[in-house]
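Observations on chain architecture
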Number of protein chains: 2
Amino acid sequence: VDIKPYSLSHLKVALFSAVPRPHGKSLAHRSELKQAKRIVVKLGSAVVTRDECGLALGRLASIVEQVAMLQNQGREMMIVTSGAVAFGKQRLRHEILLSQSVRQALHSGQNQLKEMVIPVLEARACAAAGQSGLMALYETMFTQYSTCTAQILVTNLDFHDEQKRRNLNSTLHELLRMNIVPIINTNDAVVPPPVPNSDLQGVNVISIKDNDSLAARLAVEMKADLLIALSDVEGLYDRPPGTDDAKLIDIFYPGDQQSITYGTKSRVGIGGMEAKVKAALWALQGGTSVVIANGTHPKVTGHVITDIVEGKKVGTFFSEVKPAGPTVEQQTEMARHAGRALASLDPEQVSFLLPQYGRVLKYLIPQDVFSREGRSSPLIDRLSLSSAKLNSLAIGLRQLAVSSRDSVGRVLRRTKVANNLELEQITVPIGVLLVIFESRPDCLPQVSALAIASGNALLLKGGKEASNTNRILHQLTQEALSSHGVTDAIQLVSTREEVEDLCRLDKLIDLIIPRGSSQLVRDIQRAAKGIPVLGHSEGICHIYVDNEASIDKAIDIVRDSKCDYPAACNAMETLLIHRDLLRTPIFDQIIDMLRTEHVKIHAGPRFASYLTFSPSEVKSLRTEYGDLECCIEVVDSMQDAVDHIHKYGSSHTDVIVTENEETAEQFLQQVDSACVFWNSSSRFADGYRFGLGAEVGISTARIHARGPVGLEGLLTTKWVLRGAGHTVADFSEQGSMKYLHENIPVPQKGFS
Amino acid sequence: VDIKPYSLSHLKVALFSAVPRPHGKSLAHRSELKQAKRIVVKLGSAVVTRDECGLALGRLASIVEQVAMLQNQGREMMIVTSGAVAFGKQRLRHEILLSQSVRQALHSGQNQLKEMVIPVLEARACAAAGQSGLMALYETMFTQYSTCTAQILVTNLDFHDEQKRRNLNSTLHELLRMNIVPIINTNDAVVPPPVPNSDLQGVNVISIKDNDSLAARLAVEMKADLLIALSDVEGLYDRPPGTDDAKLIDIFYPGDQQSITYGTKSRVGIGGMEAKVKAALWALQGGTSVVIANGTHPKVTGHVITDIVEGKKVGTFFSEVKPAGPTVEQQTEMARHAGRALASLDPEQVSFLLPQYGRVLKYLIPQDVFSREGRSSPLIDRLSLSSAKLNSLAIGLRQLAVSSRDSVGRVLRRTKVANNLELEQITVPIGVLLVIFESRPDCLPQVSALAIASGNALLLKGGKEASNTNRILHQLTQEALSSHGVTDAIQLVSTREEVEDLCRLDKLIDLIIPRGSSQLVRDIQRAAKGIPVLGHSEGICHIYVDNEASIDKAIDIVRDSKCDYPAACNAMETLLIHRDLLRTPIFDQIIDMLRTEHVKIHAGPRFASYLTFSPSEVKSLRTEYGDLECCIEVVDSMQDAVDHIHKYGSSHTDVIVTENEETAEQFLQQVDSACVFWNSSSRFADGYRFGLGAEVGISTARIHARGPVGLEGLLTTKWVLRGAGHTVADFSEQGSMKYLHENIPVPQKGFS
């Protein structure tokens, strides 16, 4: 039996001491929470106990798991826990029930059980009865992670008496030094019960009235970096949760306190939200960062603490430093508002704005906006805005100016519903787009131009490595927008914001467009909660060479499809060859060409079975090589090729090479992919080559836009009905009106 | 302190005995698992232990929580557990490390720790050391749920000796009778270690070689109804997981065993998948149902056991009774296949098929297809297919036949990309639709006709209360389809299938359309994983009466919008009134009309502030009353009305009543809803009234279809490119070709 060395924390107790750590101001941003070394985790009674009064065992175990993990990372963890009263309650109640029931059973038979009186239990007695069991449970659980615990019971007097305070302080430091997790609780058995709803005495003094103030006091006393206060609320809302527009506050600054409306009746008497906030602000002033979050949500409790420490947007983060700019939520609001103004601009104004934007970019971009130091030359290529890039950008913008003329507000359908009742279906922008792009900063002006042309508000999230370039490009973009009073329609999201957090803003963002690697697309598709993502993560494209194919066309198309740009999503991955072509010149010539082009060939199972010495067999017929590699497989017929494509393809782009028109048309009809081609390279699957003007991306989704997506993919429609007091009652059997539903012709796109 | 009576299980020990239960055959369907009274839960070592050798505490706690919950429901639960070896390993290793390190520290200072040799531990010693700790942990955990546990250690010999077997049996029965959870483990400290990869001796004999066979043997011995075997695999796959097309088997029948290909090397030596299946089949033959599932997935472990008992599709269910029909996965495959044939039918054929379908329905439906007994008369109304319903259905089908002519395969865009290179964007069906509808069976033929007209495959899931009617309607539908060889394109899903399970089939289904209450839509939107849902869950529609409104139009429109059908999603919920109208005749007349129509009025905060005696103030301005109730609020201007609608509306349908055309046009332009009307009732927001022929539903989504959705909402597009050997290299700077991108006119919808 082989055992990997795992946790040496037990040993640290004997051999190491904790490294001393300077204590300064509270941490300013969520991203800095990773650095927190000393952390106090406060578990409210709602976290520790279940509704039925017992302990929430699974929840507690996963919290212990997280605390132990952070402890094993070398952090110093302390727990302030509730739950002794509830634990004791359950225990005492059972004792009483059992003794009562036995007595009853002896005296009066079995069926009297319902009438049993359950006595009202006194909280202090419960606390006394529960404390030992609660600690035993913590100890059992932490033992699983080789972590020692220690029990500390305190009363408010311990903080008032200087000598006691110092003793407590040095005990806790000693425990932390020995890598032990102190578990702190109020000594409920001896202290007077806390007074519900009584106020804390200002922010400079804090009295220990509940576990929130206890945790705050301890955290400051111990110079903790972070206090995580878990209860059954998500965090702090700007008004009582449940009322219209109540919003969870992501980051709370002491100065913002006036903007909060607390509920008149807090559901939790002791430790209600106002008390929590006071305690948090007190801790913050003392140099400890605070996060208030929900520790009872079954789906997140398993990682709520580690998520907070990793800087994710969980609950409400209390920070002393208010960042200069607006929050991403405010940015979205600003963008949506200005976006509506953008959408109502005259088409003439837009087609003037776009070339102007191109000129601004071309002449105002400084030569060098990023540091080349320590960067590889391909990265520098991707990052730099060469004059060639800027030139083609300017050309693109002029083209876009033309195609934007009839994009927003175009009438798609016009119907005379009845006399004086006319219906129009017109194109309108989708709303707020979030575009997430990687290192290429030229994506920013391209996407911005598409947003301008389609009247959409836009949030841009670029990579950190091009943050300078992106900032300058964004300033120039707003410069161009400002001339039409729509400056805020395009917003650059701070690099501090995590992509994953942005993908959760389903109430704010209408469509996400990832621009980058297929890994990026996959990650975003996974992270997006309730927001559609435009894009595709796979491009497994097939070329089927029919038995009636022309040799020359087959060779040209296969070469172009595979070798023109092997990393592209529209490059060929699998070559399907009709069985009749095996051991014919056309087959040999294709193989020779692939060898000449240094394409590594993998054999499909059927192809391999035809050969004496076959190349390496494919692991999966569903592979996207993205390189000078491809799979060759043999099929019996065009129909067989279609079946193969349906089974193993990704519905991106599939091609038939044949001289037989009937075969070709059947293939084009049957193959169920976004792009289906006859006698042309798969590489034509591209917005620019299709003549769409600009490309938003290629979609393999089956709803909304499919295939290469141009401006139209950024538009939706609305129905406009103009009447003269019409009601549906007019059209009832007794009514005076009849539906006409006459279609009225509308001008076609591209011909207006 | 008030305590609710919670679990009396402790008392049952003393006072009650378990009710005896007859044991018959294994349960045939997942839905019957709810009835399972006696359940064995087997926890594989992967479930109980973590990678780092310790116990998986959070996981174990949530499993204990579920077992205790089921026990408290009155079921008899037994646990077969692994983990003693791992538990002991960790314990022994720490002891050894600690003693070694102290020795090293004494001899050679602190930094030699890395060189420490960790000894190989013997499994039996580990088991001996771990057993007590493991049991203590189970006991601590179960105590939290007032549940007693008992430890049973067995060896294979205990089953061979008849006397021992009887003793074990009666001990277990006695424990169950006393409501105690027996926790069973192999006595690893004394038995020879199990032989890896050795086969079980046929299905009639089973030797205890691992915990799978132990659990199976025990389950049958104890006449358990259900054995849940949890390990780190999702269940049984039809071929080795990870290979192309490996599929998780939902229900496995003994006869299907030949269709399984096991991996040559099972990752888990002992208790590998083949052994698990043999043990499961053995238990099944003995009358115990079996489910094999994953107990290590962090997101589902918290409810895997209760989900299985509730009949949800988790893991692989072993059943002796093979249902007559295909599985839903097979149905989807059949539907997709036949759907492709349907999509390739000639438009003439489709427009012949639809009226024929109408005739089949009209003449072949038997008078009474459901029992009226014990049903309320509104339900009978909803369920019955009156001749009026059938008549309007037949009319609808004839209309659909006309509009279907240019739906599939319609050219939306045609571009001459270059000489001999022509691009078309054509409409194609979306693929496989899942329509979930509630009690109205007339939904079935309507939706089927839409699927036929749009060439989509269709899965229908109707309510249980109309299952007879639905079955007959579906038979008639297939009858009509069979004449064109596409019988299978429309499938009726068994009532046994859970909606939630269907919503997870993201690889099979392309679009879900819920037809029913807004609660149904919300539930499905929540349940759908990675499948788009077409529909809307909210309709908060506004009528804004401008200060320049005509009195008559305002009264007619408000009355029609609110009272024509108050439960409809396009009914008015909020009436916005321009401030200047307060205390004018127009205002009084509107209020009088609403009173006459018995509409209950709620006041918005501003409206309330204008009144001396106001009606009840609204709880939220975002309320959908769905009844003869509405909210009235005062706004300062058209712009203020627009802002109110953006803030509180649901982007469904919003109306302005005004005689000022300029104000109206600004409202129509600015309001960002699916339908925006001028001087007409909100009730016109409807596919039939819009002249779309048939209505799929109303969508408030911002991508794909928006507003009332007709046939077009069931279509997507594909790009067809026809070339003559074109490659993109031809168009490079050195190439011979130039892009032309000339638009070619295409015929307009409705004018062909």
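I will try to describe carefully the structure that is included in this document.

Criteria and thresholds
- Residues numbered from 1 in each chain as written.
- Chains lettered and ligands numbered in written order.
- Predicted model: local features only at pLDDT ≥ 70, side-chain atom pairs only at ≥ 80, totals over all residues.
- Heavy atoms only, no water.
- Salt bridge = Lys/Arg side-chain N within 4 Å of Asp/Glu carboxyl O.
- Helix = DSSP H or I, 4+ residues; strand = E, 2+ residues; numbered from the N terminus.
- Buried < 20%, exposed > 50% of the residue type's maximum accessible area, 1.4 Å probe, protein only.
- Pairing = 2+ DSSP bridges.
- Contact = heavy atoms within 4.5 Å.
- Axes fitted to C-alpha atoms, helices over the stretch in contact; angles between N-to-C directions.
- Parallel < 35°, antiparallel > 145°, perpendicular 65-115°, else oblique.
- Left-handed = near helix turned anticlockwise from the far one by under 90°.
- Nonpolar A, V, L, I, M, F, W, Y, C, P; charged D, E, K, R; others polar.

Scanning the model with the defined rule gives 75 salt bridges over all chains in all. Ionic pairing is found between Glu-712 of chain B and Arg-413 of chain A, a salt bridge with its closest N-O pair at 3.0 Å. In this pair, Glu-712 of chain B sits in the loop between β22 (707–709) and β23 (715–726) while Arg-413 of chain A sits in strand β9 (residues 411–418), so the two residues belong to two different chains. Taking relative accessible area as the criterion, Arg-413 of chain A reaches 14% and is therefore assigned buried. One connected set of salt bridges, linked through shared partners, spans Asp-307, Glu-310, Lys-312, Glu-500, Asp-501 and Arg-504 of chain A.

The next thing to look at is the sheet that holds strand β1 (residues 38–43) of chain A. Strands pair in a sheet through their backbones, by hydrogen bonds, and they do so in one of two ways: parallel or antiparallel. Residues and elements named next belong to chain A. Pairing is mixed across the open sheet formed by eight strands, whose spatial order is β3-β4-β2-β1-β5-β7-β8-β6. Taken across any chain shown, the strands that pair with only one partner, and hence form the sheet edges, are β3 (149–154) and β6 (251–252). On top of the sheet, helix α3 (residues 57–72) reaches β1, β2 (76–81), β4 (181–186) and β5 (226–231); it is set at about 155° to β2, its chief contact. Against the sheet, helix α5 (residues 123–143) touches β1, β2, β3 and β4, its axis set at about 150° to β3.

It is worth spelling out the sheet that holds strand β11 (residues 432–437) of chain A at this point. Residues and elements named next belong to chain A. Strand order in the open sheet formed by four strands is β13-β12-β11-β14, and the pairing between neighbours is parallel. Each edge of the open sheet is held by one strand with a lone partner, namely β13 (490–492) and β14 (511–515). For this sheet, the mean inter-axis angle between neighbouring strands, taken without regard to orientation, is 20°. Sheet topology note: the strand β12 (residues 457–461)/β13 ladder contains three bridges and is parallel. In the strand pairing of β13, Leu-458 is matched with Ile-490. Of the strands in this sheet, β11 and β13 touch helix α16 (residues 467–482), which is tilted by about 160° from β13.

For the rest of this paragraph, the subject is unusual backbone geometry. Residues and elements named next belong to chain A. Notably, Asn-420 is not glycine yet its phi reads approximately 60°, a positive angle. Structurally, the position occupied by Asn-420 is in the loop between β9 and β10 (421–429). With relative accessibility at 63%, the residue Asn-420 sits in the exposed group. Positive phi, normally seen in glycine, also occurs at His-741, with a value near 50°. On the accessibility criterion, His-741 (24% relative accessible area) is partly exposed.

Before going further, it helps to examine the packing of α3 of chain A against α5 of chain A. Residue and element names in this part refer to chain A. At a minimum axis separation of 10 Å, α3 and α5 run at an interaxial angle of 50°. Here α5 runs oblique to α3, going by the angle between their axes. Seen from above, α3 lies across α5 with right-handed handedness. The segment α3 lies against α5, with Leu-57, Leu-60, Ala-61, Val-64, Val-67 and Ala-68 engaging Leu-137, Tyr-138, Met-141 and Phe-142. Of the residues contributing to the contact of α3 with α5, the split by class is ten nonpolar, no polar and no charged.

Function-wise, these values are silent; they only describe arrangement.
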